[in-house]
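Structural description and commentary
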Amino acid sequence: MKRIFSGIKPTGHLTLGNYLGAVRRWVEVDQHRADALFSVVDLHALTVEHDPARVRRLSRQAATLLLAAGLDPERCTVFVQSHVDEHARLSYLMECVATDGEMRRMIQYREKSGRAQASGQSVRLSLLTYPALMAADILAYGTDEVPVGEDQTQHVELTRDLAVRFNQRYGHVFTVPKATHPEVAARVMDLRDPTSKMGKSHENGAGIVYLLDDADAVRRKVMRAVTDSGREVVHDRAASPGVANLLDLLAAATGGDPAALAGGYASYGALKKDTAEAVVELLRPVRERHAELAADPGHVDEVLRLGAERARGMARPVVDRAYRAVGLMPAL
Ligand code: TYM
């Protein structure tokens, strides 16, 4: 059976981008067709400035939302990254295989370190080595496929390179994984700034739909989405990114094709209205289920405890093998 691994970082409230680019597919497809693991990758949240209490709160909220969205702990493994030591253990070996140059070339590092410096903050070393930890997350489980949004492609490519290099140098230990993306909405754009990605940690939330936004907030944000000065509704990401983004959202929410849907609209207003309602209906069951689950934190804790136990059992032998392969002496 195929092994699937993916993760989500508790650096902010989960967004519609997270849902359409990743989580929805984990729920609808991946957990049914493979032996799948989904992790709240809290260690990754420490690579930027953070409030410890907030990270703890957001980790629980992210796990609760994954279950609310429909991940079924009977079918897949849901756990918190820091509960399984193997991630940090293997990350160090990945740092020993990766080069400084390839880490510095990562687009996310360049963007995030640039932003930190511009606001007078220092850049944490862990922000640079972030892809080594992500590679460890994936490789520790013998992962075949990594379902992610498009923004993670470069990190998964680097993971492949590291796996191949490790295997060539030290003998075959790691499966070489590949990224998979959804057909529509692999890159959901910010509603107010449709040339940049809808991201959790954007300072200004006006262009971001959060999974826990209520119906009115969703409507307000979609109705105020930036379109452009034209009139015609066409699906053209380069010429009309805001309109294309709305069509992508509508298509993702209703199951249609974005270019074909464009033909049915004579005005931006009507497109926005239908998109808003489609997104409201898409998120309604997730928000309702989240409220139920949040009222029973003991249940979520138990899912995460069992998930970590299962994950540990899978990762341990792989990481032990990697430790032996590089020449480390087995513990006596
Ligand atoms: P993160 O937490 O930023 O995002 C989680 C998932 O959501 C996808 N995503 C989007 N997809 C479409 N449009 C968007 N606007 C959008 N924003 C986010 C992301 O592509 C991702 O699939 N580095 C990862 C977390 C990670 C991970 C891993 C993922 C750590 N280790 C191992 C896979 C395997 C990240 O920051 O995702």
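Model, not experiment: these values are computed from the prediction. (Residues numbered from 1 in each chain as written. Predicted model: local features only at pLDDT ≥ 70, side-chain atom pairs only at ≥ 80, totals over all residues. Heavy atoms only, no water.)

1. Observations concerning the site of the ligand
Residues in close proximity to the ligand total 27 residues, the closest being Y130, D137, D151, V188 and K200. Note that an oxygen atom of the ligand is positioned 2.8 Å from one of the backbone N or O atoms of G149. A distance of 2.9 Å separates a nitrogen atom of the ligand from a polar backbone atom of M198. Alone, the ligand offers 710 Å² of accessible surface; in the complex the protein occludes 98% of this. Listed by contribution, the elements that provide at least two residues to the shell around the ligand are β1 (3-8), α1 (16-33) and α6 (125-139). (Near = heavy atom within 4 Å. Polar contact = N/O pair within 3.5 Å; in protein donor to acceptor, adjacent residues only side chain to side chain. Areas by Shrake-Rupley, 256 points an atom, 1.4 Å probe, with all protein chains shown as cover. Helix = DSSP H or I, 4+ residues; strand = E, 2+ residues; numbered from the N terminus.)

2. Structural notes on the UniProt feature "short sequence motif: 'HIGH' region" (unreviewed entry) in the chain
Annotation from UniProt places "short sequence motif: 'HIGH' region" (unreviewed entry) at residues 10-18. The span residues 10-18 is 33% helix and 0% strand, and its two end C-alpha atoms sit 11 Å from each other. (UniProt positions renumbered as here; feature names shortened; annotations may be inferred.)

3. Quick look at the pairing of strand β2 (residues 35-40)
Counting buried positions along β2 yields 5 of 6 residues, so the element is predominantly enclosed. Where β1 meets β2, 6 bridges bridge the pair, whose relative direction is parallel. In the strand pairing of β2, R3 is matched with D35. With α1 bridging β1 and the parallel β2, this β-α-β connection has right-handed handedness. With 4 bridges connecting them, β2 and strand β3 (residues 77-80) associate as parallel partners. Its bridge partner lying in β3, V40 is registered against V80. Each parallel crossover has a hand, and for β2 linked through helix α2 (residues 52-69) to β3 it is right-handed. (Buried < 20%, exposed > 50% of the residue type's maximum accessible area, 1.4 Å probe, protein only. Pairing = 2+ DSSP bridges. Right-handed = clockwise from strand over helix to strand, strands pointing away.)

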